[in-house]
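Residue-level listing of the chains:
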Amino acid sequence: MKLATWNVNSIKVRLPQLLEWLATARPDVLCLQELKSEEPKFPRAELDAAGYAGAVNGQKTYNGVAILSRTPIAEVVAGIPGFADEQKRVIAATVQGVRVVCVYCPNGQAVGSDKYEYKLRWFAALKDHLAAELGSHPRLAVAGDFNVAPEDRDVHDPKVWEGQVHVSGPERAAWRALLALGLKDSFRLFEQPEKVYSWWDYRMMGFRRNAGLRIDHVLLSEELARACTASTVDKAPRKLERPSDHAPAIAEFTSPR
DNA sequence: ATGGCTACGATCCGTAGA
């Protein structure tokens, strides 16, 4: 299975690029974030024509997530059960025996802000939810925009970013708490080139300077991690006209025989 | 100089992203 995640920053604006990427990359499952539109406006017809079904947890203007799949989608759950949240950031579904949790983790805005506190509360709720999911789904993947760069090697200029939101101690501790559940960062299962990022600021020619952060991740349960054969970031869509500021992150793993 | 884009939904600027 080829499983990918992509923050498209508006599905309406990015639909042509999304269809193009689906046609060339051919992922089996694609987790989408920042749809910025409600479910009725989700482009089902176009995606169906491309061979993809979709489970959507949409919202006007902000947030919004979806799971696309070439094979049938089952057991769809929107949000984190027991965690009341107006913001549509999570959707989960089962595809080919794999439990897929698509997440758009809060940005946090600035360390110490209300949004930062919300980010940390949200991560705590996610951790509890994933602990429960792991109990019932040994083949579990958590894919999305985590808005955390786990280590300094995931940051183009650690000195500039030191202590800032996305790299602060409490955020990285929240990330490590997910790993402590037994989840693995698929990207780090393999030897990787240096300076691989998944997000680049639209300003200051961020992409041209490769001034980025690796904040989009695919986490795998131990069983899926053992079956994982590759994990990459595809920079190609970020080079197009009118790109999303994020690039797709991908993990591939074999099916059990 | 704490900015610089981009998307959205409201107007012709404010909010949010990261």
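Residues numbered from 1 in each chain as written. Chains lettered and ligands numbered in written order. Predicted model: local features only at pLDDT ≥ 70, side-chain atom pairs only at ≥ 80, totals over all residues.

1. Section: the sheet that holds strand β13 (residues 228–233)
So, step 1. On the basis of which strands lie adjacent, the open sheet formed by six strands has the order β3-β4-β2-β1-β14-β13 and mixed pairing. The sheet is open, and its two borders are formed by β3 (53–57) and β13, each paired with just one other strand. Looking at each pair of strands side by side, their axes are set apart by 15° on average, direction ignored.
So, step 2. One ladder, built from five bridges, connects strand β1 (residues 2–7) with strand β2 (residues 29–33); its direction is parallel. Looking across to β2, one finds that Thr5 is bridged to Cys31. (Pairing = 2+ DSSP bridges. Helix = DSSP H or I, 4+ residues; strand = E, 2+ residues; numbered from the N terminus. Axes fitted to C-alpha atoms, helices over the stretch in contact; angles between N-to-C directions.)

2. A few points about the protein's contact with DNA strand B
So, step 1. Within the structure, DNA strand B sits among 22 residues, and Ser10, Thr61, Asn107, Tyr202 and Arg203 are positioned closest to it.
So, step 2. Here the surface near DNA strand B is built from residues that sort into six nonpolar, eight polar and eight charged. (Near = placed C-beta within 6 Å. Nonpolar A, V, L, I, M, F, W, Y, C, P; charged D, E, K, R; others polar.)

3. As for the nonpolar core
So, step 1. By size, the foremost hydrophobic cluster in this structure holds 66 residues, and its most contacted members are Leu32, Ala66, Ile67, Val100, Cys102 and Ala141.
So, step 2. Setting aside anything within four residues of it in sequence, one finds Ile67 in contact with Val29, Cys31, Gly54, Ala55, Ile73, Ile91, Ala93, Val100 and Cys102. (Core = buried A, V, L, I, M, F, W, Y, C linked by C-beta atoms within 7 Å. Buried ≥ 20, exposed ≤ 12 C-beta atoms within 10 Å, placed from the backbone. Contact = placed C-beta atoms within 7 Å.)

4. Overview of the sheet that holds strand β7 (residues 98–104)
So, step 1. If you walk across this open sheet you meet the six strands as β5-β6-β7-β8-β12-β9, and the pairing is mixed. Two strands bound the open sheet, and with one partner strand each, they are β5 (74–78) and β9 (184–185).
So, step 2. Sheet topology places strand β6 (residues 90–95) next to β7; six bridges connect them, and they run antiparallel. Following the sheet pairing, Val90 is matched in β7 by Val103.
So, step 3. Here helix α3 (residues 114–136) sits on the sheet and contacts β7 and β8 (140–145); the angle it forms with β7, its principal contact strand, is near 175°.

5. Quick notes on helix α1 (residues 11–25)
So, step 1. Between its terminal C-alpha atoms α1 stretches only 18 Å, short of the 21 Å expected from 15 residues at 1.5 Å a residue.
So, step 2. Its axis deflected by about 35° at Gln17, α1 carries its strongest bend there.
So, step 3. Buried residues in α1 make contact with β2.
So, step 4. Two residues or fewer past α1, Arg26 is found with a positive phi of approximately 50°. (Expected span 1.5 Å × (residues − 1). Bend = angle between axes of the 7 residues up to and from the residue.)

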